[in-house]
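Breakdown of the fold
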Amino acid sequence: MLPHVTVSDISALDFHHLRDAGFVGVVFDKDNTITAPYADDVDESLRPALDSALKAFGPQGIAVLSNSAGGPDDTNYAAAEALQNTLSLPVLRRKFKKPRGFEAVREHFNGCEPSALIMVGDRLLTDITFGNLHGMLTVHTTRLLSNAGEPPVVRVARRFESVVAARYVRKGVSPPPHPLLSFANLSM
């Protein structure tokens, strides 16, 4: 659950530099990473950063992986379809919630090595754990875009995750090694 990199939001990432370091794609969580919870529009403050990611990796080098759209609770994937139409980005569909469901990522990125992918999200136990389990570079975003509409259980879980992560760090636990981290020249 410990990320390789922690940033305020996606605007702190240099996507062209990450591409030049050897990464071929980025998987974004949706809620509180690129949109407010349960909203379909990109947070306006993040639009330039998302546009930069698109210029660096192209539309097929980007994917959205959300537990609120495209997952098992999304009947007929209606939320995924609506989000995909609004964002003009691929929204992955899968049978399982994060941290499971890597098959959709593998299929979207044509079976590329997971170490060449970046997972960006706001939740340690879902997004970061997902990326770490599958060998991706993990980036944790800490700025909440909004907590309006966010279920109380998510707020409690977020606090719990922070406490557990801080304890791990104090005990000297590190995120899993990543082969491209030194090339990416990102601080941990």
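Thresholds applied
Residues numbered from 1 in each chain as written. Predicted model: local features only at pLDDT ≥ 70, side-chain atom pairs only at ≥ 80, totals over all residues. Heavy atoms only, no water. Helix = DSSP H or I, 4+ residues; strand = E, 2+ residues; numbered from the N terminus. Rg over C-alpha atoms; globule rule 2.2 N^0.38 Å. Buried < 20%, exposed > 50% of the residue type's maximum accessible area, 1.4 Å probe, protein only. Contact = heavy atoms within 4.5 Å. Lys, Arg positive; Asp, Glu negative; His and termini not counted. Charge placed at Lys NZ, Arg CZ, Asp CG, Glu CD. Phe/Tyr/Trp six-rings, centres within 6.5 Å; stacked < 30°, edge-to-face > 60°. Salt bridge = Lys/Arg side-chain N within 4 Å of Asp/Glu carboxyl O. Pairing = 2+ DSSP bridges. Right-handed = clockwise from strand over helix to strand, strands pointing away.

1. Some details on the overall build of the protein chain
Of regular secondary structure, the protein chain possesses 7 helices and 5 strands. When the helices and strands of the protein chain are listed from N to C terminus, the series reads β-α-β-α-β-α-α-β-α-β-α-α. Here the C-alpha radius of gyration of the protein chain, 15 Å, is about what a compact globule of 188 residues would show, namely 16 Å. The buried share of the protein chain, reckoned over its 188 residues, is 51%. The contacts of the protein chain with a sequence gap of at least 6 include a subset with a gap of at least 24, amounting to 72%. The averaged location of the 20 negative side-chain charges in the protein chain is 7 Å from the averaged location of its 19 positive side-chain charges.

2. Side note on the packing of aromatic side chains
Scanning all chains against the criterion turns up 2 aromatic pairs. Ring centres 6.0 Å apart and planes at 65° place the aromatic pair F15 and F28 in the edge-to-face group. With F15 in helix 1 (residues 15–20) and F28 in strand 2 (residues 25–28), the pair connects residues that are 13 residues apart, well separated along the chain. Take F15 and F28: they sit in the same class, and that class is buried.

3. With respect to the pattern of salt bridges
Counted by the stated rule, this structure contains 11 salt bridges. Note that R47 and D51 form a salt bridge whose closest N and O atoms lie 3.7 Å from each other. In this pair, R47 and D51 both sit in helix 2 (residues 47–57), 4 residues apart, roughly one turn of the helix. For R47, a relative accessible area of 26% corresponds to the partly exposed category. One salt bridge connects D127 with K98, and the closest N-O pair in it is separated by 2.5 Å. With D127 in helix 5 (residues 124–133) and K98 in the loop between helix 3 (78–87) and helix 4 (102–108), this pair connects stretches of sequence that are 29 residues apart. Neither D127 nor K98 differs from the other in exposure class; each is buried. Connected through shared salt-bridge partners, D29, K98 and D127 make up one network.

4. Observations concerning the pairing of strand 2
Of the two faces of strand 2, the one lined by G25 and V27 and the one lined by V26 and F28 are each fully buried. Pairing of strand 2 with strand 4 (residues 117–121), which is carried by 4 bridges, proceeds in the parallel orientation. The residue bridging V26 from the neighbouring strand is I118, located in strand 4. Read from strand 2 through helix 2 to strand 3 (residues 62–64), the crossover connection turns out right-handed.

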